[in-house]
Amino acid sequence: MSLIDAVNELKKNGFDPKDGKEFNPNERIPDGNYLMTLDGASHSVKNDHDFLIISFSVVEGEYEGRRESYFPSLRQTKNDGTPISPDFIARTISKIQILGEAVDNPIPNSCFDFDIETEAYDAIADKLQGALGRLLKVTIATTPNKKNPQYPFRNYKFEKHEQPKVADAKDPFNGTGNTTEVSDDDLPF
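Everything numeric in this text was worked out from a predicted model, so none of it was measured.

Asks: Give a detailed account of the nonpolar core, specifying residues and quantitative values.
Replies: Residues Ile54, Phe56, Ile124, Leu128, Leu136 and Phe158 are the most contacted members of the largest nonpolar core, which totals 30 residues. Broken down by secondary-structure element, the contributors of at least two residues to this core are strand E1 (32-46), strand E2 (49-58), helix H2 (86-102), helix H3 (117-128), strand E4 (135-143) and strand E5 (153-160). Considering every element that reaches this core, the biggest residue donor is H3, with 6 residues. In this structure, phenylalanine 56 is in contact with Met36, Thr37, Leu38, Asp39, Arg66, Arg67, Glu68, Tyr70, Leu99, Leu136 and Phe158, ignoring residues within four places of it in sequence.

See below:
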């Protein structure tokens, strides 16, 4: 990308230097309803903590091209070793399974049949690979975080969306009888 391409991208995204607001393509998209594609699902580790990253891209509207990431946690204990509420874990599992249904790729209960969440993250990420590129409706709503107000909770609701029709590419010569057999002797080299 050249510098002028970057300037054109800024203009395309509505940047106006008179507003005094720096362009930040990684800024979170605001609460609302979006048509998105499922772009990725992977298991990662940072600071001895496993987590699942599920990423999406907005495909229409003002925020088209912007990305959003969802980090569902299946941890069973907090950093201090105290147990996490089974209701919280069950809620997360239900949301992951709803996501699978929204992209016509159900996440079976067997993806959660492990003693540790690391293996579950791998199983879920592997299962979602078959749904990459599929459309879904995503509703984002933030709620206050009492412990860390500067980091509000982002809540996601996933819903099915009709997938685009794919053209049925047929062989135009199939069944016409207009075929020619070519052997090695017919080739000039």
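After that view, the rundown keeps rolling.
Asks: I'd like to hear about a nonpolar patch on the surface, residue by residue, with values.
Replies: Residues Val182, Leu187 and Phe189 make up a contiguous nonpolar surface patch of roughly 370 Å² in combined accessible area. Note that valine 182 resides in the segment after E5.

Asks: Residues and numbers for H2, please.
Replies: If you check H2, its first and last C-alpha atoms are 24 Å apart, about what 17 residues at 1.5 Å a residue would give, namely 24 Å. Among all positions in H2, only Ile89, Thr92, Lys95, Ile96, Leu99, Gly100 and Ala102 are buried. The elements touched by buried residues of H2 are E2, strand E3 (67-70), H3, E4 and E5. Phi for aspartate 104, located one or two positions after H2, is positive at around 55°.

Asks: Give me a negative patch on the surface: which residues, what numbers.
Replies: A cluster of acidic side chains, namely Asp113, Asp115, Glu119, Asp122 and Asp126, defines a negative patch on the protein surface. For aspartate 122, the location among the structural elements is in helix H3. By relative accessible area, which is 34% here, aspartate 122 ends up partly exposed.

Asks: Go over the environment of asparagine 155 with me, naming the residues and quoting the values.
Replies: Along the chain, asparagine 155 turns up in strand E5. Sequence separation of asparagine 155 and aspartate 31 is 124 residues, and the distance between their C-alpha atoms is 9.3 Å. When sequence neighbours within four positions are dropped, the list of residues in contact with asparagine 155 reads Arg91, Thr139, Ile140, Ala141, Thr142 and Thr143. For asparagine 155, the side chain forms a polar contact with the side chain of threonine 143, separated by 3.2 Å.

Asks: Help me get a handle on H3, residues and values and all.
Replies: With 12 residues, H3 should reach 16 Å at 1.5 Å per residue; the first-to-last C-alpha distance of 16 Å fits that figure. Considering only its buried residues, H3 is in contact with E1, E2 and H2.

Asks: How would you explain the side chain of threonine 37 if you had to name every residue and give the values?
Replies: The residue threonine 37 is located in strand E1 in this model. For threonine 37, the side chain forms a polar contact with the side chain of aspartate 39, separated by 2.8 Å. Discounting chain neighbours no more than four positions away, the residues touching threonine 37 are Ser55, Phe56, Ser57, Val59, Gly133, Arg134, Leu135 and Leu136.

Asks: How would you summarise the sheet that holds E4 if you had to cite specific residues and measurements?
Replies: In space, the 5 strands of this open sheet follow the order E3-E2-E1-E4-E5, with antiparallel pairing throughout. Each of the sheet's edge strands pairs with one partner strand only, and the pair in question is E3 and E5. Pairwise comparison of adjacent strand axes, ignoring direction, gives a mean angle of 40° for this sheet. Direction of pairing for E1 relative to E4: antiparallel, over a ladder of 6 bridges. Paired with tyrosine 34 across the bridge in E4 is valine 138. Together, E2, E3, E4 and E5 form the strand contacts of H2, whose direction differs from that of E5 by roughly 35°. Across the sheet, H3 is in contact with E1 and E2; its angle to E1 comes to roughly 135°.

Asks: How would you explain the pairing of E2 if you had to name every residue and give the values?
Replies: Across the 10 residues of E2, 7 count as buried, placing the element largely inside the fold. Bridge analysis of E1 against E2 gives 10 bridges, and the strand direction is antiparallel. Paired with serine 42 across the strands is isoleucine 53, a residue of E2. If you look at the hairpin formed by E1 and E2, you'll find 2 residues sitting between the two strands, and asparagine 47 has a positive phi there, around 55°. As paired elements, E2 and E3 share 4 bridges and run antiparallel to each other.

Cut-off values and rules
- Residues numbered from 1 in each chain as written.
- Predicted model: local features only at pLDDT ≥ 70, side-chain atom pairs only at ≥ 80, totals over all residues.
- Heavy atoms only, no water.
- Core = buried A, V, L, I, M, F, W, Y, C linked by side-chain atoms within 4.5 Å.
- Buried < 20%, exposed > 50% of the residue type's maximum accessible area, 1.4 Å probe, protein only.
- Helix = DSSP H or I, 4+ residues; strand = E, 2+ residues; numbered from the N terminus.
- Contact = heavy atoms within 4.5 Å.
- Patch = residues over 30% accessible without salt bridge, like charges linked within 9 Å, V, L, I, M, F, W, Y side chains within 5 Å.
- Areas by Shrake-Rupley, 256 points an atom, 1.4 Å probe, with all protein chains shown as cover.
- Salt bridge = Lys/Arg side-chain N within 4 Å of Asp/Glu carboxyl O.
- Expected span 1.5 Å × (residues − 1).
- Lys, Arg positive; Asp, Glu negative; His and termini not counted.
- Charge placed at Lys NZ, Arg CZ, Asp CG, Glu CD.
- Polar contact = N/O pair within 3.5 Å; in protein donor to acceptor, adjacent residues only side chain to side chain.
- Pairing = 2+ DSSP bridges.
- Axes fitted to C-alpha atoms, helices over the stretch in contact; angles between N-to-C directions.

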